[in-house]
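# An overview of the molecular structure
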Amino acid sequence: RERTALTTPPGLPASPNLQCAFLLAEISEELRQAQEEWEAVEEIQSGLWGTLASAAPPISFNEALQYFQTADLSECRKKVQATVRRQGLAALVHFLFGPPRLQQQLQGERELALAMAQCGLDDNERVHMRILQTIYKKLTRSRLGCPRYGAHWEELGFQGADPGTDLRGTGMLGLMHVTRHEVLSRLPLTLALLQNFPFCVMSVNITRIVIQALREECLSRECNRRQQVIAVLNDLYAAAFLRLYRLWKWQHKTIADSGFLLKELEFSAKKKPKQLLKSLEAYVNRGPAADGLPRPSPASGEEMDFTGVCDPQVELEGEARLI
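Residues numbered from 1 in each chain as written. Predicted model: local features only at pLDDT ≥ 70, side-chain atom pairs only at ≥ 80, totals over all residues. Heavy atoms only, no water.

### Examining unusual backbone geometry
Cut-off, in case you're wondering: Helix and strand labels come from DSSP, where a helix needs a run of H or I of at least four residues and a strand needs a run of E of at least two; each type is numbered from the N terminus. Buried residues are those whose accessible area, probed at 1.4 Å on protein chains only, stays under 20% of the maximum for their type, while exposed residues exceed 50% and partly exposed ones sit between those limits.
Positive phi outside glycine occurs at R141, with the angle close to 60 degrees. Secondary-structure assignment places R141 in the loop between α6 (126-140) and α7 (151-155). Exposure remark for R141: the relative accessible area of 56% places this residue in the exposed category. Positive phi is not limited to glycine here, since E217 has a value of about 65 degrees. Structurally, E217 can be placed in the loop between α10 (199-215) and α11 (220-226).

Written out as structure tokens, the structure is:
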């Protein structure tokens, strides 16, 4: 607080040392009052913003996975449809020519992945809120939390003010994949501004596709080879997102093309998962693009960067609505 003049209080001698002591005591009292006022403001913000306004650190995919490995997912497991039931000729063809069955020792990990996909966003679960907050902080590069509901989620590519409504069929796994962007962080996402790329809702749709591929036993061969399930899901998610990015960027796609693109990705994930994974490996190793699409020039400064992910609100209607 500014002071226009310094005066000696009545009854005190005009000693510089005494004046200094008096002023320090008064300043300390003012600081104490200011601290109390600030704490009151923080309490009001916490009440308005909820859990996301807290200073909880971002959470990694692996840390979130460890939480779900020990969490009670019994209700979620009841909703899981482990495999797609085939009848008649389709069942015979799948038995004779389809992929091998997933090995028994991997069934538990598969069930965990499918249970996570049935687990809805819960405002009362601190880890759920940390995952949501991590998405906001990573995509906006903000150090601050954000309100649980609001238009800021639409700016990140969700379809409304509540991200939880976009998680049908993907559950918390859909949100966790958005936080896992080691490969995605190398793609130039300026197209979010230029071509109305709905980042988060596209991510959730890709998670839905890879979960369906797992349910239909399309990934069993690769899971058996690597003796992993969730790691294969994660890599296929990243590979499909890379494929989507290239198509959107280099073929100048728009939201009107989203339905066709997702169908193409679903076909590739189910029928050609190995090819998709090889294209991801080639990209990571900086080799030739396996899918034949041009890649950004390193000199162009287009390395993947989440700055600029926020795009103008995009209203999805009719067949273009993604989920």
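### Re helix α12 (residues 230-250)
The cut-off we apply is this: Helices are assigned an expected span. That span is 1.5 Å times one less than the residue count.
For α12, which comprises 21 residues, the first-to-last C-alpha distance of 30 Å matches the rise-based estimate of 30 Å (1.5 Å per residue) to within 8%. Of all 21 residues in α12, 19 are buried; the element is thus mostly enclosed. Positive phi shows up at H252, right after α12, with a value of about 55 degrees.

### A closer look at the packing of aromatic side chains
What counts is decided by this rule: Aromatic pairs are defined between Phe, Tyr and Trp rings, using the six-membered ring for Trp, whenever the two ring centres lie within 6.5 Å; interplanar angles under 30 degrees are classed as stacked, those over 60 as edge-to-face, and all others as tilted.
Per the stated rule, a full pass over the model turns up five aromatic pairs. Ring centres 5.9 Å apart and planes at 70 degrees place the aromatic pair Y136 and W153 in the edge-to-face group. Taken as a pair, Y136 in helix α6 and W153 in helix α7 lie far apart in primary sequence, 17 residues in all. For the ring pair Y237 and F241, a centre distance of 6.0 Å and an interplane angle of 70 degrees mean the geometry is edge-to-face. Here F241 and Y237 lie together in helix α12, a separation of four residues that amounts to about one turn. In terms of burial, Y237 and F241 fall into one category: buried. Aromatic rings pair up to connect Y136, W153 and F158 into one cluster.

### Observations concerning the pattern of salt bridges
What counts here: The salt bridge definition used is simple: a Lys or Arg side-chain nitrogen within 4 Å of an Asp or Glu carboxyl oxygen.
This model, assessed by the stated rule, comprises 10 salt bridges. The shortest N-O distance in the salt bridge between E75 and K78 comes to 3.1 Å. Here E75 pairs with K78, and both are found in helix α3 (residues 74-79), just three residues apart, close to one helical turn. Here R226 and D235 are joined by a salt bridge, their closest N and O atoms 3.0 Å apart. Among the residues examined, R226 registers a relative accessible area of 24% and is labelled partly exposed. Within this structure, D123, R148 and D162 form a network of salt bridges that share partners.

### Notes on the confidence of the model for the chain
Regions with low pLDDT carry predicted coordinates that are not meant to be interpreted in detail. Our working rule: pLDDT gives the predictor's per-residue confidence on a scale running from 0 to 100. In what follows, residue pairs with any heavy atoms lying within 4.5 Å of each other are defined as contacts.
On average, the chain scores 75 in pLDDT, and the residues at 70 or more come to 61%. Model confidence for the chain, summarised as mean pLDDT per element, is weakest for helix α9 (residues 191-194) at 50 and strongest for helix α5 (residues 107-116) at 96. Note that residues 1-6 has pLDDT below 50 and, in this model, five contacts with residues that lie over four places away or in other chains. Every residue in residues 40-54 scores below 50 in pLDDT, and together they form 18 contacts with partners more than four places removed in sequence or on other chains.

### Focus: the side chain of D162
Keep this limit in mind: Throughout this description, a polar contact denotes any pair of N or O atoms lying within 3.5 Å of each other; where both atoms belong to protein, one of them has to be capable of donating a hydrogen while the other can accept it, and for residues adjacent in sequence the pair is counted only when both atoms sit in side chains.
With respect to the secondary-structure elements, D162 resides in the loop between α7 and α8 (171-179). A distance of 2.9 Å separates a polar atom in the side chain of D162 from a polar atom in the side chain of R148. A polar contact of 2.9 Å, which involves the side chain of D162, links it to the backbone nitrogen of G164. If near-sequence neighbours (up to four positions away) are discounted, D162 is found in contact with R148 and Y149.

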